[in-house]
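# Summary of structural features
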Amino acid sequence: MKNRIARLLGLLLLAGGVTGASAQQARPGAAAPVGGISQRILAEHNRARDHAGVPRLAWNDRLARDAQVWAQKLAREGDLQHASESENGGAGENLWMGSTGYYAPETMIAAFVDEGSQYQPGRFPDVSRTGNWEDVGHYTQIVWRNTREVGCAIAGNGSDDVLVCRYWPAGNWEGQNVY
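What counts, and where the lines are drawn
Residues numbered from 1 in each chain as written. Predicted model: local features only at pLDDT ≥ 70, side-chain atom pairs only at ≥ 80, totals over all residues. Heavy atoms only, no water. Buried < 20%, exposed > 50% of the residue type's maximum accessible area, 1.4 Å probe, protein only. Helix = DSSP H or I, 4+ residues; strand = E, 2+ residues; numbered from the N terminus. Pairing = 2+ DSSP bridges. Salt bridge = Lys/Arg side-chain N within 4 Å of Asp/Glu carboxyl O.

## Points about the pairing of strand β6 (residues 160-168)
For β6, the tally of buried residues reaches 8 of 9 residues, placing the bulk of the element in the interior. Sheet topology places strand β4 (residues 92-99) next to β6; 8 bridges connect them, and they run antiparallel. Residue pairing across strands places Met97 opposite Val162, the latter belonging to β6. In this antiparallel pair of consecutive strands, strand β5 (residues 149-156) and β6, the connection spans 3 residues, and Gly158 shows a positive phi of 100°.

This is the structure:
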């Protein structure tokens, strides 16, 4: 993809969990989240976007269904791995893993949002105080101005819960401002 930074491949250790980010395809089809967890996840995303001063996201059921399939695969394998380009088709993706039943959805999303403490305004990938864009890539995907929709899902394997969030359109484009 022209001018697209490679998917976020770095995995970051977080208090009993791991994170990463990449991409997946969806088409517009936003709907209100149905379940309480979906509503809580959307609320956390929009809280971060409100703080950044960018438009709120809408829930996308197709993204959530695709995220569920991927989350179940990752839970079965017990490892975080981003969807390949042929599997994701272009939407953004944030991944998280932590001990089963120990983390609330808000805590899972907070792991991504907390990267904002290292964020500095600029053109992607020059957006991290550490000099490494991967240190803020989950956060920048959440607050990417042009992203409009999100769908997330959680799957477990008895020892770990896996959260997969998919974003449309994807963020983290080289040479563009985050917001």
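## As for the pattern of salt bridges
In the structure shown here, the tally under the stated rule is 5 salt bridges. The partner of Arg47 in a salt bridge is Glu44, and the shortest N-O contact between them spans 2.7 Å. Highlighted residues: Arg47 and Glu44, both in helix α1 (residues 36-52), separated by 3 residues, approximately one helical turn. Salt-bridge contacts for Arg166 lead to Glu93; the nearest nitrogen and oxygen are separated by 2.6 Å. Remark: Glu93 occurs in strand β4 and Arg166 occurs in strand β6; sequence separation between them is 73 residues. The class for Arg166 is buried, based on a relative accessible area of 2%. On the basis of relative accessible area, Glu93 is assigned to the buried category, the value being 0%.

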